[in-house]
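Single-letter residue listing:
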Amino acid sequence: MTSLGMPAVPPPTPHPTWKQAWDAALYGADGFFRREAPAAHFRTSVHASPLFARALATMTREAGLDTVVDIGAGRGELLTALRALDPGLDLLGVEVAARPPGLDPAIAWTTALPEAVEGLVVANEWLDNIPCHVVEVAPDGRLVVVHVDPATGQETLGQPLGHSTVAPSLAAWVERWWPLDAREPGTRAEVGSTRDAAWADVVARVTRGIAVAVDYGHTAQHRPPFGSLRSYRRGQEVDVLPDGSRDVTAHVAVDAVADRVGGVVRRQRDVLRELGVSGERPDLGLATRDPAAYVRALAGATEAAELTAEGGLGDFFWVVTVRD
C-alpha cells in the first residue's frame, strides 16, 4: 500500500525510463558532461570554423545588442572566438561543468541560467542533449514508455500512455507532434516536451534580444520512424548506452520547439549566407596579385562551404525568436 492507502502499482520493469537513465548518464553527479569536454567527442559548427562565431557576432551587432550568452558552452570555444573577433561584447557561458582553466577573465561563467538577458542567447547542439522519454508501439498496438538498463542498453516496455502513472503530457505531445496511430509494432517516438519546456524557459529570460537554438532535427513531414537515439565517444559513433561513458543524443523536433516559443525555423545555410558566410571560391586572379591573400580566402571559402553544405552542417536548423 502507498502512504495514501492506495494499492501500489507494480513497476513493469526494474529499469529506469530512457529519460531517467539519459539524465543520470549526462548530468548526474559523475555525468558525462560534468567530466568530459564535448569537443573531445564530437565536432560542431563552432569547431569547424571561426566563421560561425563571426556570423553570430554580426547578428548580435546588427540587432543593436552587445551581449552574447552561450547555453551549453562546452569549454568556452564559441565565447573565446567571439572575444577575439569583438572584444567589446559582454560574454557569458552557461554550462554544468566548472569554469574551464585558462578561459579569458573577460568571459563570465555560470552553472545556472541567468535571471534575465538583454542580448543574443545561443544554444548550439544543446537541445539534442536534453533527455526525453522514448515511446514505442508495443506488439498489442498500444503506445508504451520504453525503459532501459543503463549498464547493458537492453530495453524493456513499460506502462502504456494513458496509464495513471504516466504523465498525460506525453500522450498529448505525441498526438500533436509525432502521432503513431495505426503504426506497426516497433515504431517509436522521442517525446520532445522536455526540449520544448527547456527552451521556453531560456527564451522567457530574454527581456530584449534574440534567442537562437541551433541543432540537427526534423519536422512533422520527416520524423524518423524508429527514433534517432545515438551515442558518440572520441569522435566515433558507438553503441547507444546511457552509462555515462559516452554522449547520448537524439534529433530535435524543431517545429514543436518553435511553436512553443513563437520562433521561426530556418536552415543554417540560409541564415549564414545572409550573415555573410559564403563558400564561393575567390577569384583566381587574386592568386597572381596576392598569393597569400588567395590562400587565406580559399581557406575561408572551404570553411564556409562546410558550414553551409547540404547533407551536412548546412542542414542544421535554427529556431530564431526575436523579443522586443
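Just above sits the structure.
Residues numbered from 1 in each chain as written. Predicted model: local features only at pLDDT ≥ 70, side-chain atom pairs only at ≥ 80, totals over all residues. Heavy atoms only, no water.

K.L.:
Quick question: what am I supposed to make of the packing of helix H7 (residues 193–204) against helix H8 (residues 254–261) here?
P.N.:
Where H7 contacts H8, the two axes come as close as 9 Å, and the packing angle between them is 40°. As the angle between them shows, H7 and H8 are arranged oblique. Judged by the twist between their axes, the crossing of H7 over H8 is right-handed. Contacts from Asp196, Ala197, Trp199, Ala200 and Val203 in H7 reach Ala256, Val257, Arg260 and Val261 in H8. Its residues assigned to classes, the contact of H7 with H8 comprises seven nonpolar, no polar and two charged. (Axes fitted to C-alpha atoms, helices over the stretch in contact; angles between N-to-C directions. Helix = DSSP H or I, 4+ residues; strand = E, 2+ residues; numbered from the N terminus. Parallel < 35°, antiparallel > 145°, perpendicular 65-115°, else oblique. Left-handed = near helix turned anticlockwise from the far one by under 90°. Contact = heavy atoms within 4.5 Å. Nonpolar A, V, L, I, M, F, W, Y, C, P; charged D, E, K, R; others polar.)

K.L.:
Looking at this structure, I do not really get H8. What am I missing?
P.N.:
At 3.6 residues per turn, the α-helix brings residues three or four places apart onto the same side. Of all eight residues that make up H8, six are buried, and the element is covered over most of its length. Those residues of H8 that fall on the buried side of the exposure criterion are Val254, Asp255, Ala256, Val257, Ala258 and Val261. Buried positions along H8 lie against helix H6 (168–177), H7, strand S10 (217–218), strand S14 (252–253), strand S15 (264–267) and strand S16 (317–323). (Buried < 20%, exposed > 50% of the residue type's maximum accessible area, 1.4 Å probe, protein only.)

K.L.:
How should the packing of aromatic side chains be read in this particular structure?
P.N.:
What describes a pair of aromatic rings is the distance from one ring centre to the other and the angle between the planes of the rings. As enumerated under the stated definition, the model contains six aromatic pairs in all. When the ring of Phe32 is compared with that of Phe33, the centres are 5.2 Å apart and the planes differ by 80°; the resulting orientation is edge-to-face. On the basis of relative accessible area, Phe32 is assigned to the buried category, the value being 0%. Connected via pairs of aromatic rings, a cluster forms that spans Tyr27, Phe32 and Phe33. (Phe/Tyr/Trp six-rings, centres within 6.5 Å; stacked < 30°, edge-to-face > 60°.)

K.L.:
Help me understand the pattern of salt bridges in this model?
P.N.:
Where side chains of opposite charge bring their charged atoms close, a pairing between them can arise. Scanning all chains against the criterion turns up 16 salt bridges. When the shortest N-O distance is used, the salt bridge between Arg35 and Glu36 registers 3.8 Å. Across the salt bridge formed by Arg269 and Asp315, the nearest N and O atoms sit 2.4 Å from each other. Of this pair, Arg269 sits in helix H9 (residues 268–274) while Asp315 is found in the loop between helix H11 (291–308) and S16, placing the two residues 46 residues apart along the sequence. Using a relative accessible area of 14% as the deciding quantity, one classes Arg269 as buried. With relative accessibility at 24%, the residue Asp315 sits in the partly exposed group. Among the charged side chains, a salt-bridge network with shared partners connects Arg35, Glu36 and Arg234. (Salt bridge = Lys/Arg side-chain N within 4 Å of Asp/Glu carboxyl O.)

K.L.:
What exactly am I supposed to notice about unusual backbone geometry here?
P.N.:
Leaving glycine aside, a negative phi is the common case for residues, and trans is the common case for peptide bonds. Although it is not a glycine, Glu125 sits at a positive phi angle of roughly 55°. The residue Glu125 is located in the loop between strand S4 (117–124) and strand S5 (134–137) in this model.

K.L.:
What is the right way to look at the pairing of strand S1 (residues 67–71) in this model?
P.N.:
Residues in a regular strand point their side chains to alternate faces of the sheet. Most of S1 is tucked away: five of the five residues are buried. A two-sided burial pattern is seen for S1, the buried positions comprising Thr67, Val69 and Ile71 on one face and Val68 and Asp70 on the other. Relative to strand S2 (residues 90–94), S1 is paired through five bridges, and the arrangement is parallel. Pairing of Val68 across the sheet is with Leu91, part of S2. Where the polypeptide runs from S1 across helix H5 (residues 77–85) and back to S2, its parallel neighbour, the crossover connection is right-handed. Pairing analysis gives three bridges linking S1 to S4, with the strands arranged parallel. Within S4, the position partnered with Val69 by the bridge is Val121. (Pairing = 2+ DSSP bridges. Right-handed = clockwise from strand over helix to strand, strands pointing away.)

Geometric descriptors of this kind do not, in isolation, establish any biological role.
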